[in-house]
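So you can see what is in the structure, the chains are spelled out below.
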Amino acid sequence: MRVTFTVNGREQSADDVWEGESLLYVLRERLGLPGSKNACEQGECGSCTVRLDGLPVCACLVAAGQVEGREVVTVEGLAEHARERAAGCATGACGTGLDEARKWAARPSDGAAGGDLAPIQQAFIDAGAVQCGFCTPGLLVAADELLERNPEPSDADIREALSGNLCRCTGYEKILDAVRLAAARTGEAV
Amino acid sequence: MDHAPTRAMSAPAGTPVGLSQGSHTRGGVGESTLRPDGTLKVTGEFAYASDLWHEDMLWGCTLRSPHAHAEIRSIDVSEALAQPGVHAVLTYDDLPCEVRHYGLEIQDTPALAQGRVRYHGEPVALVAADHPETARRAAAKIRVDYAELPVVTDEASATAEDAPLLHPGREDHHAGHVPHPNIVHRQPIIRGDVAAARERADVIVTGEYEVGMQDQAFLGPESGLAVPAEDGGVDLYIATQWLHSDLRQIAPVLGLPEEKVRMTLSGVGGAFGGREDLSMQIHACLLALRTGRPVKMVYNRFESFFGHVHRHPAKLHYEHGATRDGKITHMACRIVLDGGAYASSSPAVVGNASSLSAGPYVIDNVDIEAIALYTNNPPCGAMRGFGAVQACFAYEAQMDRLAAELDMDPVEFRQLNAMSQGAVMPTGQEVDAPAPVAELLRRVKAMPMPPEKQWEAAGEAVDVRELPGGLSNTTHGEGVVRGVGYAVGIKNVGFSEGFDDYSTARVRLEVVGGEPVAVVHTAMAEVGQGGITVHAQIARTELGVARVIIDPADTRVGSAGSTSASRQTYVTGGAVKHTCEAVREKVLELGRARFGTYHPAWATAELLLEGGKVVTDGGEVLADLAEVLQDEAVDIEREWRHRPTVAFDRHTGQGDGHVQYSFAAHRAVVEVDTELGMVKVIELACAQDVGKAVNPLSVAGQIQGGTTQGLGLALMEEIVVDPETAKVRNPSFTDYLIPTILDTPSIPVDVLELADEHAPYGLRGVGEAPTLSSTPAVVAAIRQATGLALNRVPVRPEHLTGT
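Since the structure is predicted, the reported quantities are computational estimates derived from the model, not experimental observations. For every chain, the first residue of its written sequence is number 1, and the numbers climb from 1 along that sequence. Throughout, the order in which chains and ligands are written sets their labels, letters from A for the former and numbers from 1 for the latter. Totals for whole chains, interfaces and linings use every residue, but because this is a predicted model, local features are given only for residues with pLDDT of at least 70 and side-chain atom pairs only at 80 or more, for both listing and counting. The basis for every side-chain value is the complete set of non-hydrogen atoms in the structure, without hydrogens or water.

A. The overall build of chain B, seen in detail. Elements are defined by DSSP. Helices are runs of H or I of four residues or more, strands are runs of E of two residues or more, and each kind is numbered from the N terminus. Regarding its fold elements, chain B presents 20 helices and 31 strands. Throughout, radius of gyration means the C-alpha value; the globule benchmark is 2.2 Å times the number of residues raised to the power 0.38. Over its C-alpha atoms chain B spans a radius of gyration of 27 Å, differing by no more than 12% from the 28 Å that the globule rule assigns to 803 residues. Taking the principal axes of its C-alpha atoms as reference, chain B extends roughly 85 × 75 × 65 Å. Throughout this description, buried means an accessible area under 20% of the type-specific maximum (1.4 Å probe, protein chains only), exposed means over 50%, and partly exposed covers the range between. The burial tally for chain B puts 65% of its 803 residues in the buried class. Sequence separation of at least 24 residues holds for 79% of the intrachain contacts in chain B that already meet a minimum separation of 6. Only the protein chains shown count as cover for residues, and all accessible areas are computed by the Shrake-Rupley method using a 1.4 Å probe. Element-wise, carbon and sulfur atoms account for 49% of the exposed surface of chain B, whose accessible area totals about 26900 Å². Both charge centroids of chain B, one from 66 positive and one from 105 negative side chains, sit 1 Å from each other. Working rule for contacts: check all heavy atoms of both residues, and any pair within 4.5 Å makes them a contact. None of His or the chain ends enter the tally, which takes Lys and Arg as positive and Asp and Glu as negative. Charged side chains are reduced to one point each, which is NZ for Lys, CZ for Arg, CG for Asp and CD for Glu.

Pasting the structure below:
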């Protein structure tokens, strides 16, 4: 079957999709967006977390056919999503021009880059919240969604919001630091 | 904090040591520089092994045994092969040459099962197809006729007189020294006179302890892409811990010389020991060579639980004695590790468990025995802590019981018996570097206690998120009891027992666009630990340049050894430092040749490379590196070795078997809902001596991550194997639980830096020590809260409620 939906502001179609394929498989293997990760493929680890019409979901648990006509934001579109939000479009659903959407696909210059990242992405780097990084994309999408609805979360709020995302490397302390840091920086910027 | 001065440590190959760069260069050793792969990892663009894609690529799939022990009578692949989209189906009979087994130390593992399967999930056949689901469905159509065999699952069944032998006729180097063919390796350690010491003991404490089978549970599944090459060889892009060890095992089974198997490290989503053994490497290469097409294999989580070795489950018997004034008289122990169906790294785990079984204590009289079994359980091998974890759980429980018998404070009792520099291990090896065991305990004990009843702190309503059971809303504080527990551990760093544990680095210094650039090339597997961050720091410190490029790890450069045993910053870091020193010497030679006649300091002063210039130790600038190098590149590849070790004597266990020791201590604060058996860890504080924090941010990350894996073993993590059938019952993240952010407490970290003068920059391997003491500290805290003995981990709610 053919599935057509909006990914990171751009309408995309995938052909020859088998009915059993997940949104995660279509993103990773058919649309060239491998940022959403495949750590468990059973909805337990959160590494494939994406936004589906604004809500964080495990892409591995969403049948590809279910996203027909809907909006998906992945880690690859997170920076643009955060920019739009900062510009006053809180849901991220106000559309992106084709040229704008292509920006996130450009390769970053090197490890010192920074300006093009969402605040939560930069905070993960700065706080040491990234080790192997396999959980990072899902955590970023989930943490960004938390900060969108709660710009000043308590530690308990952060733990609750991220409790569906497993990390095996960090012991979560630096992830908490990163979310606090992103919240503080965003608060200062407002 | 006691900071030892940073200075150049003696390098064994005779390069100049008076030229170390200290930390004058920005982004050098000792700074919390950020990961060079950080941006790629937060944008989703970092290419992990499972993200790789190649035009025309096929998907590989493994058919695995549903039985723990069975004879394979026949395999019929015809229906699978006939499926549309299927390009190849391979079994044992399709292996291309005479070499059909592999293994880290003992080559006992068949690439595909031959006539017999020895554990649940053993690979039997392979399929390549154009879609992963097509491959899975085709694999399900392979007809294997199994005749089930009786299983051996523990010491009694495995060493019974009529026990079926896992590997009849084994000829490995341990075979002639073990009391039963189903014992992989046995290591006794005898020192002093236990019988006489026992007579002097005022109290004797004995205990039986058990550690469940823990899984590494790295998040990035086993995966890789094999691309057949025109020369008949294969290019393999792979997530592994040790490229050259893989290569040594893969090439013979493919019937190819090593130079025709070219391996490149792809992104690795964590490892923790679980990628030290091969998983899909040979399989993907076989399918690629058979089909002539690139083949990608990616395990799902279910398969991952069968696709790598686990931490050895263990049964431990301990006896300690002490005098009334609190001095330990002796220790006798017997440690039985279940190695499962194939050897993997079981012999080395036995060596660690036995040699570290006394813990970081001075015990002059010991009688130690450790063995690893062959059984039909899942194969076990490397996991963070490697044999020391199991022993630490047992000896630390013993310390608390001894202290209780003597009516002493458990921390003071430990401090009274703690080893320090100059102490002698049970193996007779002297600990010739700082061993601040008592100080680490003092530090965790001195940390401020987390406030009581934090669930009330918020104000009027109870915040159930701060209580055991959390949002399950199981208690509002009724029946909740706090407990505090302490533990300390000792871990070896580096490969032991005479292993030639070297690493290789290639460093190139050249001028690009008027700026000096160092290029560092090693085969070190970056698995998330931050080795590449550290390599760049070392190059900046030693070469005084701002720009460092880390080349991808591959087999075009010499072996870096394994990313395990807490060894990479020490050994490959040491190799990078050593090679940079050689590059620096070459640069100074060039400088002397070009400018030596212009300034006497070229001949007389100690020269440094700093800020892209050659300077004297007095700070005078002699030349820009750009002027010295001009269009010449200095490019050197060197091997580097730490001090050699020796094998343990097979009968007495004596020998200087370890390279370095590392120490960490924990204090756990828990709150237990004693009615429902729910445990909430409130805080898990750690103090560790790291010798030199080369990257303090990464050091904290290692300590907190290791601590959390220890918490997991204490409370939730266990692969449950059915004792009757030897089948794995919980191969999923639904049923195998690892700590979430809600399970993980605040982890305050106190880092000591007491230099080990034998190690580069005085550093001490960091990664594993915090995994050891975390588990016994948590369990000690639960014991204090409940008064229960709790001799087994993980501790489950039913162990606390008796239901």
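B. Molecular detail of the interface of chain B and chain A. The partner chain A presents 58 residues to the 67 residues of chain B that form the contact. Roughly 4800 Å² is buried in total at the junction of chain B and chain A, and carbon and sulfur atoms are behind 58% of that figure. Throughout, buried area stands for the accessible area (probe radius 1.4 Å) lost by two parts on being put together, summed over both. Considering only the side of chain B, the residues that lose the most area to chain A are V42, L219 and I741 of chain B, jointly responsible for 17% of the buried surface there. Think of a salt bridge as a Lys or Arg side-chain nitrogen and an Asp or Glu carboxyl oxygen that are within 4 Å of each other. For the interface between chain B and chain A, the tally reads six salt bridges. For the salt bridge of K296 of chain B with E29 of chain A, the shortest nitrogen-to-oxygen distance reads 3.4 Å. For the purposes of these results, a polar contact is taken to be a pair of N or O atoms within 3.5 Å, where, inside protein, one atom must be able to donate a hydrogen and its partner to accept one; residues adjacent in sequence count only when each atom of the pair is a side-chain atom. At the junction of chain B with chain A, the criterion picks out 26 residue pairs in polar contact (both at pLDDT 80 or more). Broken down by secondary-structure element, the contributors of at least two residues to the side of chain B that touches chain A are α1 (38–43), α3 (132–139), β14 (295–298) and α18 (696–715) of chain B. Looking at the side of chain B that touches chain A residue by residue, the class counts come to 31 nonpolar, 24 polar and 12 charged. When residues are sorted by character, Ala, Val, Leu, Ile, Met, Phe, Trp, Tyr, Cys and Pro go into the nonpolar class, Asp, Glu, Lys and Arg into the charged class, and all the rest, Gly among them, into the polar class.

C. Local environment of the confidence of the model for chain A. The predictor attaches a confidence to each residue, called pLDDT, with possible values from 0 through 100. Within chain A, residue pLDDT values average 89, and 85% of them lie at 70 or more. Within the model, the stretch residues 101–114 of chain A combines pLDDT values under 50 with 24 contacts to residues more than four positions away or in other chains.

D. Broad picture of the domain arrangement of chain B. Residues and elements named next belong to chain B. Boundary definitions for the domains trace back to an automatic or database domain assignment. Parsing chain B into structural domains produces domain 1 (49–149 + 222–298), domain 2 (430–494 + 660–801) and domain 3 (502–640). Of note, the centres of domain 2 and domain 3, computed from C-alpha atoms alone, are 39 Å apart. Contacts between the two partners involve 17 residues from domain 2, matched on the other side by 15 residues from domain 3. Here domain 2 packs against domain 3, burying approximately 1200 Å² in sum over the two surfaces, 62% of which is carbon and sulfur. Between the two partners, domain 2 and domain 3, sit zero salt bridges. Scanning the region where domain 2 abuts domain 3 turns up five residue pairs in polar contact (both at pLDDT 80 or more). Residue assignment for the side of domain 2 that touches domain 3 shows that the elements contributing at least two residues are β20 (480–493) and α18. Looking at the side of domain 2 that touches domain 3 residue by residue, the class counts come to seven nonpolar, nine polar and one charged.

E. Quick peek at the sheet that holds strand β28 (residues 660–673) of chain B. Residues and elements named next belong to chain B. Strand order in this open sheet of four strands is β20-β28-β29-β30, and the pairing throughout is mixed. Strand pairing shows two members of the sheet lacking a second neighbour, β20 and β30 (749–752), which therefore form its edges. With strand direction ignored, the average angle separating the axes of adjacent strands in the sheet is 20°. Should DSSP find at least two bridges between two strands, the strands are regarded as paired. With four bridges connecting them, strand β29 (residues 678–689) and β30 associate as parallel partners. In the sheet register, D689 faces β30, and the bridge partner there is L752. Axis lines are fitted through C-alpha atoms, for helices just across the contact stretch, and the angle between N-to-C directions can take any value from 0 to 180 degrees. Across the sheet, helix α19 (residues 769–786) lies against β20, β28 and β29, angled at about 155° from β20, the strand it touches most.

F. Looking closely at the packing of helix α4 (residues 119–127) of chain A against helix α5 (residues 136–149) of chain A. Residue and element names in this part refer to chain A. Running from N to C, α4 and α5 cross one another at 125°; their axes reach a closest spacing of 9 Å. Here α4 is positioned oblique relative to α5, judged by the angle of their axes. Considering how the two elements wind past one another, α4 and α5 form a crossing that is right-handed. Listed contacts from α5 to I120, Q121 and F124 of α4 are T136, L139, L140, A143, D144 and L147. We call two directions roughly parallel when the angle between them is under 35 degrees, roughly antiparallel when it is over 145, roughly perpendicular when it lies between 65 and 115, and oblique otherwise. In this scheme the handedness of a crossing depends on how the near helix is turned from the far one: anticlockwise by less than a right angle means left-handed, clockwise means right-handed.

G. Region of interest: the nonpolar core. Counting 98 residues, the largest nonpolar core has Y318, I335, M419 and V778 of chain B as its most contacted members. Tallying contributions element by element places helix α10 (residues 388–405) of chain B first for this core, with 11 residues. Among buried residues, those of type Ala, Val, Leu, Ile, Met, Phe, Trp, Tyr and Cys that are joined through side-chain atoms within 4.5 Å constitute a nonpolar core.

H. How the structure looks around the pairing of strand β18 (residues 366–373) of chain B. Residue and element names in this part refer to chain B. Taking burial as the measure, the eight residues of β18 include seven buried ones, the bulk of the element. As judged from the eight bridges shared by strand β9 (residues 183–191) and β18, these two strands associate in the antiparallel manner. Bridge pairing in β18 places R186 opposite I371. Every crossover in which the path from the first strand over the helix to the second runs clockwise, viewed with the strands pointing away from the viewer, is termed right-handed. Once you follow strand β17 (residues 328–338) into helix α9 (residues 346–355) and on to β18, the crossover reads as right-handed.

I. Structural detail: the environment of Y361 of chain B. All names here are of chain B. Tracing the backbone shows Y361 in the loop between α9 and β18. Y361 gets classed as buried once you look at its relative accessible area, which sits at 2%. Between the C-alpha atom of Y361 and that of E768, which follows or precedes it by 407 residues, the distance is 19 Å.

J. Up close: the sheet that holds strand β24 (residues 607–610) of chain B. All names here are of chain B. The antiparallel open sheet is built from three strands, whose spatial order is β24-β25-β26. Each end of this open sheet is capped by a strand with a single partner; those strands are β24 and β26 (621–624). Recorded for the sheet is a direction-independent mean angle of 25° between the axes of neighbouring strands. Summarising the sheet, strand β25 (residues 613–616) and β26 pair through three bridges and their orientation is antiparallel. Its bridge partner lying in β26, V614 is registered against A623. Strand contacts of helix α15 (residues 568–595): β24, β25 and β26, with the helix running at about 110° to β24, the strand carrying the most contacts.

K. The arrangement of the side chain of T329 of chain B in detail. In this fold, T329 of chain B is placed in strand β17. Every residue in contact with T329 of chain B, bar those within four places of it in the chain, is listed here: A197, R200, A201, G321, A322, T323 and N365 of chain B.

L. Seen up close, empty space enclosed by the protein. Lining residues are those with an atom within 4 Å of a point, where the points come from a 1 Å grid over the protein atoms alone and group into cavities, where a 1.4 Å probe fits but cannot get out, or pockets, open sets with protein on both sides within 12 Å along at least five of seven lines. Grid points are joined across faces, edges and corners, and a volume is the space filled by probe spheres set on the points. Overall, the coordinates contain nine cavities of 30 Å³ or more when judged by the stated rule. Reported here for the largest cavity is a volume of approximately 320 Å³. Forming the boundary of the largest cavity are 24 residues, of which Y102, T109, Y119, L278 and G307 of chain B lie nearest the centre. Elements that contribute at least two residues to the lining of the largest cavity include exactly β5 (109–110), α7 (281–291) and α8 (301–307) of chain B. Counted by class, the lining of the largest cavity contains 13 nonpolar, eight polar and three charged residues. Of the pockets and cavities examined, the second largest cavity occupies roughly 110 Å³. Around the second largest cavity, the lining is made up of 13 residues, and of these G128, V130 and Q131 of chain A together with L697 and S698 of chain B lie nearest the centre. Take the lining of the second largest cavity: its biggest share by element is four residues, from α18 of chain B. Partitioning the lining of the second largest cavity into residue classes produces four nonpolar, eight polar and one charged.

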